[in-house]
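A structural walkthrough
Read off the chains here:
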Amino acid sequence: MCGIVGIIGSSPVASNLVDALKRLEYRGYDSAGIATIHDGHLMRRRAKGKLRFLENKLKDEPLEGLIGIGHTRWATHGKPTEVNAHPHVSEGVSVVHNGIIENFKTLRVALEKDGYVFETETDTEVIAHLIASGLKAGQSPEDAVFFTLSQLEGAFALAVIFEGHEDLMIGARRGSPFAIGYGDEDEPGMYVGSDAIALAPFTNRVAYLEDGDFVVLNGTGAKIYDQDRVEVQRKISTSMAQTLVVDKGNHRHFMMKEIHEQPDVISRTLSHYIDLASERVDFSALDLDFKSLPRLTVTACGTAFYAGLVGKYLIEKWGGLPVDVDIASEFRYREPLMAEGGAALFISQSGETADSLASLKYCKAKNQKILSIVNVSESSIARESDEVLPTLAGPEIGVASTKAFTCQLTVLAALAIHIGKSRGVIDEALEVKLVRSLVEVPRLISELLTEEKRIEEISHSLSQARDVLYLGRGTSFPIALEGALKLKEISYIHAEAYAAGELKHGPIALIDENMPVIVVAPEDELFDKTVSNMQEVAARGGKIIFISDAEAERAGCEIVDQIKMPKCHPFVAPLLLAIPVQLLAYYTAVHMGTDVDQPRNLAKSVTVE
Ligand code: G6P
């Protein structure tokens, strides 16, 4: 999703702005631009498509200046064209913006009546014109921005620079994340960005604006004000982003690197929640009495939602606690009834997903205890939570989530054991057994990854398909959903997942000899039922790819291919089954030549509704 950067430096900022934008590329974007002020003049360069097109423009027409803002745009209002690319300008005011201005139409009509001519189809342009009109009316830049903010509805973050002011930048946050970086004596300067990763090359001293804040920066510092314009202090902390490696190593794509990191990051996450010596879970840092908890409400988006669905199966079956799972974009609008004394759990890799964050606020207002499973510890969701259960996956750069998903499953599985213990449904012997099964997961995933070549071969046939169906039961149903999502996201092949028992209620009509059907069927208590559904597929000519630890003969019908899984306890099966569905999607996409790490139209961190 859109990325914002801003720098007031002691040397020309253009190339640093582009470097910072490169670090935001992973969020997903379709155009980019920067603006600087030099010798009293505001100049900008913008380009449709990847950052290299902007870099080429800057080679031909460089930008000078010690102050500038930059942006990667993920189109919401208006096509991804150069004209719609940020920064937007109006009479010497230049703005970059992330988020959506919901009332932009009304504002635009009013501004047009006042004679403002709009160049773009974006919602952002109203911000530039509103600030410019304030300046024209004699307001100071601070007053003009403050007054403009009071007129905007929606969730956003923005940064503004002003022609004639080479030591002034104003930023604001309402909903979307906004970080401020503080330079030091060796490298004086001030920085703003959508996240600390963007600022990592320049500084590790970072503060975060809170909702409603706005900030006035010069080259040596920043004054932060809350929504009532009262000056406030926001803690400057040392960001870990500089120590995080964000390169592809020897891998062709971040996604492949992240798939291969799973044994390590799952181990790391496990060691946070498990005492390996005693083979017991350790949630002593979590202040929540699960014994008396009436209900747990889980809310998330995308892949994290599917992790939540797996979590529901695990926590209800092994933890004995009722769980509701909802998609965040639906949850708050149906005004759900929340149990008195209940708890709400939010799962999010980025910790910034707008719908999840808004749902969190809804639950807070309903007096729920707020828990979150997040990968970015400095994120908004983490900061708004009463209790944070971190995933230790490290930065996930590939848009299609892989290692964050399996780390979310790891935390949920460990949590299910803790809940079961607290509610008296898991005794010591069972706890040790389940913990052992979890501890085996990294080794089993490493083994599975040696089967990669075989999965690559199978994916060649998938790349010929127009549609692919995924089936599964129990925890394999959300894994089927995740597999279909992965395939759609990065290969653009239409894929759908169904609970295997639901097949006969509709999707069976789609099956013919052109339809690959991926059946996720661990040899568990539901295996025979899934096998019956698989036979219904085979009888209609569907091409079955069987993902199972069972021998092929157990399928009892013709299968085109099998991905043979290692044996494991059913409790951890979803963690292992996630791997082949990730690899199938990856190799299909590579075979088709799509942009695996930054698939079209998708964003990593979705900070709009
Ligand atoms: C986007 C990403 C998905 C992700 C979802 C939720 O759609 O492309 O990979 O699952 O957002 O993101 P979150 O950061 O909240 O887990």
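Worth saying up front: this structure is predicted, and the values here are computed from it rather than measured. (Residues numbered from 1 in each chain as written. Predicted model: local features only at pLDDT ≥ 70, side-chain atom pairs only at ≥ 80, totals over all residues. Heavy atoms only, no water.)

**What about unusual backbone geometry?**
A cis amide bond links His 86 to the next residue, Pro 87, at an omega of -5°. One can find Pro 87 in the loop between β4 (67-73) and β5 (88-90). The phi torsion at Asp 39 lies on the positive side, around 50°, for a residue other than glycine. Within the fold, Asp 39 resides in the loop between β2 (31-38) and β3 (41-48). Exposure remark for Asp 39: the relative accessible area of 61% places this residue in the exposed category. (Helix = DSSP H or I, 4+ residues; strand = E, 2+ residues; numbered from the N terminus. Buried < 20%, exposed > 50% of the residue type's maximum accessible area, 1.4 Å probe, protein only.)

**Let's talk about the packing of aromatic side chains**
In the structure shown here, the tally under the stated rule is 9 aromatic pairs. Here the aromatic rings of Phe 527 and Phe 546 are separated by 6.3 Å at their centres, their planes lie at 45°, and the arrangement is tilted. One end of the pair, Phe 527, is in helix α18 (residues 527-539); the other, Phe 546, is in strand β26 (residues 543-548), and 19 residues separate them in sequence. On the numbers, 5.0 Å between centres and 80° between planes, the contact of Tyr 586 with Tyr 587 is edge-to-face. The burial state of Tyr 586 is the same as that of Tyr 587; both residues are buried. (Phe/Tyr/Trp six-rings, centres within 6.5 Å; stacked < 30°, edge-to-face > 60°.)

**Details of a negative patch on the surface**
A cluster of acidic side chains, namely Asp 184, Glu 185, Asp 186 and Glu 187, defines a negative patch on the protein surface. Following the sequence through the fold, Glu 187 ends up in the loop between β9 (179-182) and β10 (189-193). (Patch = residues over 30% accessible without salt bridge, like charges linked within 9 Å, V, L, I, M, F, W, Y side chains within 5 Å. Areas by Shrake-Rupley, 256 points an atom, 1.4 Å probe, with all protein chains shown as cover. Salt bridge = Lys/Arg side-chain N within 4 Å of Asp/Glu carboxyl O. Lys, Arg positive; Asp, Glu negative; His and termini not counted. Charge placed at Lys NZ, Arg CZ, Asp CG, Glu CD.)

**Here's the deal with the sheet that holds strand β25 (residues 516-520)**
Spatially, β24-β23-β25-β26-β27 is the arrangement adopted by the 5 strands of the open sheet, whose pairing is parallel. At either margin of the open sheet sits one strand with a lone partner, and together these are β24 (494-499) and β27 (561-564). Averaged over all pairs of adjacent strands, the angle between strand axes in this sheet comes to 20°, irrespective of strand direction. By the bridge criterion, 6 bridges tie strand β23 (residues 467-472) to β24 in an arrangement that is parallel. Each residue of the ladder has a partner; that of Val 468, found in β24, is Ala 495. Packed on one face of the sheet, helix α17 (residues 476-491) meets β23, β24 and β25 and runs near 175° to β24. Where helix α19 (residues 573-592) meets the sheet, it contacts β23, β25, β26 and β27, and its direction lies at approximately 140° from that of β26. (Pairing = 2+ DSSP bridges. Axes fitted to C-alpha atoms, helices over the stretch in contact; angles between N-to-C directions. Contact = heavy atoms within 4.5 Å.)

**Overview of the site of the ligand**
In the vicinity of the ligand, 13 residues are found, and the nearest of them are Ser 348, Gln 349, Ser 350, Thr 353 and Ala 603. A distance of 2.6 Å is found between an oxygen atom of the ligand and a side-chain nitrogen or oxygen belonging to Ser 350. Val 399 is positioned with one of its backbone polar atoms (N or O) 3.1 Å from an oxygen atom of the ligand. If the ligand stood free it would expose 390 Å²; the protein chains cover 90% of that surface. Top element by residues in the shell around the ligand is helix α9 (residues 302-319). It accounts for 3 residues. For the shell around the ligand, the class distribution of residues is 5 nonpolar, 7 polar and 1 charged. (Near = heavy atom within 4 Å. Polar contact = N/O pair within 3.5 Å; in protein donor to acceptor, adjacent residues only side chain to side chain. Nonpolar A, V, L, I, M, F, W, Y, C, P; charged D, E, K, R; others polar.)

**Description of the pattern of salt bridges**
Applying the stated criterion across every chain yields a total of 38 salt bridges. For the salt bridge of Arg 108 with Glu 112, the shortest nitrogen-to-oxygen distance reads 3.3 Å. Placement of both Arg 108 and Glu 112 in helix α3 (residues 104-113) is noted, with a separation of 4 residues, approximately one turn of the helix. Lys 364 is the partner of Glu 384 in a salt bridge, and the nearest nitrogen-oxygen pair spans 3.2 Å. Residue Glu 384 is found in helix α12 (residues 380-384), and its partner Lys 364 is found in helix α11 (residues 354-365); the two are separated by 20 residues along the sequence. Owing to a relative accessible area of 25%, Glu 384 belongs among the partly exposed residues under this scheme. Members of the salt-bridge network, linked through shared partners, are Glu 523, Asp 528, Asp 549, Arg 554 and Lys 567.

**Observations regarding the side chain of Asp 549**
Inspection of the secondary structure puts Asp 549 in the loop between β26 and β27. Given a relative accessible area of 9%, Asp 549 falls into the buried group. A distance of 2.8 Å separates the side chain of Asp 549 from the backbone nitrogen of Glu 523, its partner in a polar contact.

**What to know about the side chain of Gln 582**
Counting through the fold element by element, Gln 582 comes out in helix α19. Separated by 2.8 Å, the side chains of Gln 582 and Gln 262 make a polar contact. Ignoring anything within four residues of it in the chain, the contact list for Gln 582 reads Met 255, Ile 259, Gln 262, Thr 402, Phe 405 and Thr 406.

Geometric values such as these leave the question of function open.
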